[in-house]
Amino acid sequence: MDLVSIPVGAEAISIATLVSCVSPAWTQRDPHRAMQVHIECEVGVCVTKSVAHQMLREQGKLVPDSGRVR
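Once that is clear, we can look at the overall build of the chain. Of the regular secondary structure elements, the chain holds three helices and zero strands. Split into buried and exposed, the 70 residues of the chain put 24% on the buried side. Restricting the contact set of the chain to residue pairs at least 6 apart, pairs at least 24 apart contribute 38%. Accessible surface computed for the chain: about 5,300 Å², of which carbon and sulfur atoms make up 56%.

Structural data, given as structure tokens:
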């Protein structure tokens, strides 16, 4: 299963753009992978991680820790 379509011969900068913090299109296909790829990012700052976080919450696959304060 392709998570992100990467054109043959794509340069590193093109690949980086595809999975960047402002390119959440692929996140809808695999929000869990997006959370892994953007592990160092913060929800609310990184668009990709924010979209993935919201999708996982809506699917009931992510339940925020009630004891954690943001």
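Here the narrative resumes, following the displayed structure.
The next thing to look at is the environment of Leu56. Within the fold, Leu56 resides in helix H3 (residues 47-58). Assessed through its relative accessible area of 7%, Leu56 is described here as buried. When near neighbours in sequence (up to four residues on either side) are disregarded, Leu56 contacts Pro31, His32, Met35, Lys61 and Leu62.

Glancing now at the nonpolar core. Listed in full, the six residues of the largest apolar core are Trp26, Ala34, Met35, Ala52, Leu56 and Leu62. Residue assignment for this core shows that the elements contributing at least two residues are helix H2 (31-37) and H3. Once you skip the residues sitting within four places of it in the chain, Leu62 turns out to touch Met35, His53, Leu56 and Arg57.

Rules used throughout
- Residues numbered from 1 in each chain as written.
- Predicted model: local features only at pLDDT ≥ 70, side-chain atom pairs only at ≥ 80, totals over all residues.
- Heavy atoms only, no water.
- Helix = DSSP H or I, 4+ residues; strand = E, 2+ residues; numbered from the N terminus.
- Buried < 20%, exposed > 50% of the residue type's maximum accessible area, 1.4 Å probe, protein only.
- Contact = heavy atoms within 4.5 Å.
- Areas by Shrake-Rupley, 256 points an atom, 1.4 Å probe, with all protein chains shown as cover.
- Core = buried A, V, L, I, M, F, W, Y, C linked by side-chain atoms within 4.5 Å.

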